[in-house]
Amino acid sequence: MKTRGTTILAVRRDGKVAVAGDGQVTLQESVIKHHAKKVRRIYNDKIIVGFAGTAADALNLSERLEAKLERYNGNLMRSAVELARDWRTDKFLRRLEAVMIAVDESRMFLISGNGDVIEPDEGIIGIGSGGVGAQAAAKALFKHSDLDAGSIVEAAMKIAASICIYTNEEITIEEL
């Protein structure tokens, strides 16, 4: 059985960051859940993470990132790099099917099992099946409006939901 998609979007504007995720979970051709929470706070509510991929893998990675944050005193960059290194080289972790976004008050990273730790140039990043659509919408809203980060992610996620069959409008938003 193959689990499909999700959409996670992060936007930083005017010293604030917002991360949004849709609530739809699909299995093959069926929607099996509408209100999943794919965005959450970790490390004493100082870090927001969002996941695209299988739920068990995402939770495993979230726990591992939080352990790295504890070990490296909340240093998100160091923790993300160490997680990506472990994820890529560990025999068990290599099989995990997920991609994650992690943000704190000043940094934003995409972390993958390929060893990627990418910080976007413009403070906007989308992942998952609707990630490209959400990111494109967020960039347009960022450039052509005065909306705050939370309003941008909400509007962009609704646009992504209107075109991606694996994304719905049941959106969770966390902000720092």
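A brief report on the enclosed structure follows. None of these values were measured; they are calculated from a predicted model. (Residues numbered from 1 in each chain as written. Predicted model: local features only at pLDDT ≥ 70, side-chain atom pairs only at ≥ 80, totals over all residues. Heavy atoms only, no water.)

**A few points about the sheet that holds strand 7 (residues 47-53)**
Strands sit in the order 6-7-8-9-10 across an open sheet of five strands; the sheet is antiparallel. Each edge of the sheet is formed by a strand with only one pairing partner; in this case those strands are strand 6 (39-42) and strand 10 (117-118). Sheet analysis places strand 7 next to strand 8 (residues 98-103), joined by six bridges and oriented antiparallel. The residue of strand 8 that forms the bridge with Val 49 is Ala 102. Here helix 2 (residues 76-89) sits on the sheet in contact with strand 7, strand 8, strand 9 (108-112) and strand 10, set at roughly 10 degrees to strand 9. (Pairing = 2+ DSSP bridges. Helix = DSSP H or I, 4+ residues; strand = E, 2+ residues; numbered from the N terminus. Contact = heavy atoms within 4.5 Å. Axes fitted to C-alpha atoms, helices over the stretch in contact; angles between N-to-C directions.)

**Some words on a negative patch on the surface**
Taken together, the side chains of Asp 14, Asp 146, Asp 148 and Glu 175 present a region of like negative charge at the surface. Structurally, the position occupied by Glu 175 is in strand 12 (residues 172-175). (Patch = residues over 30% accessible without salt bridge, like charges linked within 9 Å, V, L, I, M, F, W, Y side chains within 5 Å. Areas by Shrake-Rupley, 256 points an atom, 1.4 Å probe, with all protein chains shown as cover. Salt bridge = Lys/Arg side-chain N within 4 Å of Asp/Glu carboxyl O. Lys, Arg positive; Asp, Glu negative; His and termini not counted. Charge placed at Lys NZ, Arg CZ, Asp CG, Glu CD.)

**Section: the environment of Lys 158**
As for its position among the elements, Lys 158 is in helix 4 (residues 149-163). On the basis of relative accessible area, Lys 158 is assigned to the partly exposed category, the value being 36%. Distance in space between the C-alpha atoms of Lys 158 and Asn 60 is 28 Å, their sequence separation being 98 residues. (Buried < 20%, exposed > 50% of the residue type's maximum accessible area, 1.4 Å probe, protein only.)

**Quick look at the packing of aromatic side chains**
Enumeration according to the criterion identifies zero aromatic pairs in this entry. One residue, Arg 13, lies across the ring of Phe 142, its end atom 4.1 Å from the ring centre. (Phe/Tyr/Trp six-rings, centres within 6.5 Å; stacked < 30°, edge-to-face > 60°. Lys NZ or Arg CZ within 6 Å of the ring centre and 35° of its normal.)

**Observations concerning the side chain of Asp 22**
Inspection of the secondary structure puts Asp 22 in the loop between strand 3 (16-21) and strand 4 (25-27). At 3.2 Å, the side chain of Asp 22 and the backbone nitrogen of Gln 24 are in polar contact. Of note is the side chain of Asp 22, whose polar atom sits 3.4 Å from the backbone nitrogen of Asn 168. In contact with Asp 22, not counting residues within four places along its chain, are Thr 6, Thr 7, Ala 36, Lys 38, Met 157, Tyr 166, Thr 167, Asn 168, Glu 170 and Ile 171. (Polar contact = N/O pair within 3.5 Å; in protein donor to acceptor, adjacent residues only side chain to side chain.)

**Quick look at the pairing of strand 7**
Each regular strand carries side chains that alternate between the two faces of the sheet. Among the seven residues of strand 7, six are classified as buried, and the element is accordingly described as predominantly covered. Pairing geometry for strand 6 and strand 7, over four bridges, is antiparallel. Across the sheet, Arg 40 pairs through a bridge with Val 49, a residue of strand 7. Hairpin connection from strand 6 to strand 7: four residues lie between these consecutive antiparallel strands, with Tyr 43 at a positive phi of about 50 degrees.

**Regarding the nonpolar core**
Here is a general trend for soluble globular proteins: nonpolar side chains tend to be buried in one another's company. Ile 42, Ile 47, Val 49, Leu 65, Leu 69, Met 100 and Ile 111 are the most contacted members of the largest nonpolar core, which has 19 residues in total. With five residues, helix 2 is the single largest residue contributor to this core. With residues near it in sequence (within four places) discarded, Val 49 still touches Lys 38, Val 39, Arg 40, Ile 42, Ser 62, Leu 65, Met 100, Ile 101 and Ala 102. Among the nonpolar cores identified, the runner-up in size contains 15 residues, and Val 11, Ala 18, Ala 137 and Leu 141 belong to it. (Core = buried A, V, L, I, M, F, W, Y, C linked by side-chain atoms within 4.5 Å.)

**Overview of the packing of helix 3 (residues 131-144) against helix 4**
Contact geometry of helix 3 with helix 4 gives a least axis separation of 8 Å together with a crossing angle of 140 degrees. Judged by the angle between their axes, helix 3 and helix 4 are oblique. Of the two possible hands of crossing, helix 3 and helix 4 adopt the one that is right-handed. Mapping the contact onto sequence places Gly 133, Ala 134, Ala 137, Ala 138, Leu 141 and Phe 142 in helix 3 and Ile 152, Ala 155, Ala 156, Met 157, Ile 159, Ala 160 and Ile 163 in helix 4. Per-class residue counts for the contact of helix 3 with helix 4 are twelve nonpolar, one polar and no charged. (Parallel < 35°, antiparallel > 145°, perpendicular 65-115°, else oblique. Left-handed = near helix turned anticlockwise from the far one by under 90°. Nonpolar A, V, L, I, M, F, W, Y, C, P; charged D, E, K, R; others polar.)

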